Amino acid sequence: MRKLLSLRHWAHVFRRVFRLLGSSKVPIHMKLIFVIPALLYWILPDVMPFMPIDDIAVTMLLMNWFSSRLEGRYEIE
């Protein structure tokens, strides 16, 4: 829990996600595993207003999951 509240951790996650999304070493289907759920969650709460979690919070959790999953597989400079 302490890690999720750390600004240093989130700065690392943001840098890592953008590098992973921009890298040609990461296959497109791996990038879509992050992008599609994030976009759907940004669009669907307008259709389903009973979703209690904020769009940015869900996106940040997806970014954390995506970067931790791919960080060890692909060495990005």
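Residues numbered from 1 in each chain as written. Predicted model: local features only at pLDDT ≥ 70, side-chain atom pairs only at ≥ 80, totals over all residues. Heavy atoms only, no water.

Details of the overall build of the chain
Item 1. A count of helices and strands for the chain gives three helices and zero strands.
Item 2. Per-residue burial over the chain gives 32% buried out of 77 residues.
Item 3. Within the chain, counting contacts between residues at least 6 apart in sequence, those at least 24 apart form 71% of the total.
Item 4. Counting every atom, the chain has about 5,600 Å² of accessible surface; 67% of that belongs to carbon and sulfur. (Helix = DSSP H or I, 4+ residues; strand = E, 2+ residues; numbered from the N terminus. Buried < 20%, exposed > 50% of the residue type's maximum accessible area, 1.4 Å probe, protein only. Contact = heavy atoms within 4.5 Å. Areas by Shrake-Rupley, 256 points an atom, 1.4 Å probe, with all protein chains shown as cover.)

Some points on the side chain of H9
Item 1. As for its placement among the helices and strands, H9 is situated in helix α1 (residues 7-22).
Item 2. Separated by 3.1 Å, the side chains of H9 and N64 make a polar contact. (Polar contact = N/O pair within 3.5 Å; in protein donor to acceptor, adjacent residues only side chain to side chain.)

Considerations on helix α3 (residues 55-70)
Item 1. If you check α3, its first and last C-alpha atoms are 22 Å apart, about what 16 residues at 1.5 Å a residue would give, namely 22 Å.
Item 2. Taken residue by residue, α3 has D55, V58, T59, L62, M63, N64, F66, S67 and L70 as its buried positions. (Expected span 1.5 Å × (residues − 1).)

Some points on the environment of I43
Item 1. On the secondary structure map, I43 appears in helix α2 (residues 28-47).
Item 2. Under the relative-accessibility criterion, I43 is labelled exposed at 52%.
Item 3. In sequence terms I43 and D55 are 12 residues apart; their C-alpha atoms lie 9.2 Å from each other.

What to know about the packing of α1 against α3
Item 1. Where α1 contacts α3, the two axes come as close as 9 Å, and the packing angle between them is 70 degrees. Judged by the inter-axis angle, α1 sits roughly perpendicular to α3. In the crossing of α1 with α3, the sense of the turn from one axis to the other is left-handed. Counted together, H9, W10, V13, F14, R16, V17, L20 and L21 of α1 and M60, L61, M63, N64, F66, S67 and L70 of α3 form the full contact between these two elements.
Item 2. Residues that form the contact of α1 with α3 fall into these classes: 11 nonpolar, three polar and one charged. (Axes fitted to C-alpha atoms, helices over the stretch in contact; angles between N-to-C directions. Parallel < 35°, antiparallel > 145°, perpendicular 65-115°, else oblique. Left-handed = near helix turned anticlockwise from the far one by under 90°. Nonpolar A, V, L, I, M, F, W, Y, C, P; charged D, E, K, R; others polar.)

A few points about the environment of V17
Item 1. Looking at where V17 falls in the secondary structure, it is placed in helix α1.
Item 2. The exposure class of V17 is buried, given its relative accessible area of 1%.
Item 3. With 51 residues separating them along the chain, V17 and S68 place their C-alpha atoms 9.3 Å apart.

Some thoughts on the environment of L39
Item 1. Mapped onto the secondary structure, L39 falls in helix α2.
Item 2. C-alpha of L39 to C-alpha of D55: the two residues are 16 residues apart in sequence and 9.6 Å apart in space.

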